[in-house]
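# Coordinate analysis (summary)
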Amino acid sequence: MTKSELISKITNKNTFLYQKDIYNIVDIIFNTVTKVLKDGDRVELRGFGSFTTKLRNARIGRNPKTGDPVAIPKKKLPFFKMGKSMKERINN
């Protein structure tokens, strides 16, 4: 599901809200989650799951085309861990 499909689905279920307002709400939520993760904090949505970041250390990789060594800098990667109740809802 894309962001626009999510907005359309929410709009269809909540006809009293404008699509523009729903777009702004979804955008604010995504931007807030991104900012919190960028700051190194954790986002936990009870009944859904939690978002965290993990630091991947710098390493030496290889260019797949030439085989030459390439320095890969350290970076943060986002991770999502599904909540227990979400797992139960999906598997039932």
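Residues numbered from 1 in each chain as written. Predicted model: local features only at pLDDT ≥ 70, side-chain atom pairs only at ≥ 80, totals over all residues. Heavy atoms only, no water.

Overall, the coordinates contain four salt bridges when judged by the stated rule. Among the salt bridges present, the one from R42 reaches E44, with a minimum N-O distance of 3.0 Å. Through salt bridges with shared partners, a single network forms among R42, E44 and R46. (Salt bridge = Lys/Arg side-chain N within 4 Å of Asp/Glu carboxyl O.)

Our next topic: the sheet that holds strand β5 (residues 75–82). The strand order across the open sheet formed by three strands is β1-β2-β5, and the pairing between neighbours is antiparallel. Looking along the sheet, the strands with just one partner apiece sit at the ends: β1 (43–45) and β5. Averaged over all pairs of adjacent strands, the angle between strand axes in this sheet comes to 25 degrees, irrespective of strand direction. Two elements, β1 and strand β2 (residues 49–56), share three bridges in a ladder whose sense is antiparallel. Directly across from V43, in β2, lies its bridge partner F51. Set on the sheet, helix α2 (residues 19–38) makes contact with β1, β2 and β5; between it and β2 the angle comes to about 40 degrees. (Pairing = 2+ DSSP bridges. Helix = DSSP H or I, 4+ residues; strand = E, 2+ residues; numbered from the N terminus. Axes fitted to C-alpha atoms, helices over the stretch in contact; angles between N-to-C directions. Contact = heavy atoms within 4.5 Å.)

So, on to the packing of helix α1 (residues 3–13) against α2. Two measures define how a pair of helices packs: the angle their axes make with one another and the distance between the axes. Where α1 contacts α2, the two axes come as close as 9 Å, and the packing angle between them is 130 degrees. It follows from the interaxial angle that α1 and α2 lie oblique. The two elements α1 and α2 meet at a crossing, and its hand is right-handed. Residues K3, L6, I7, S8, I10 and T11 of α1 lie in contact with α2, whose contacting residues are Q19, I22, Y23, V26, D27 and F30. Partitioning the contact of α1 with α2 into residue classes produces seven nonpolar, three polar and two charged. (Parallel < 35°, antiparallel > 145°, perpendicular 65-115°, else oblique. Left-handed = near helix turned anticlockwise from the far one by under 90°. Nonpolar A, V, L, I, M, F, W, Y, C, P; charged D, E, K, R; others polar.)

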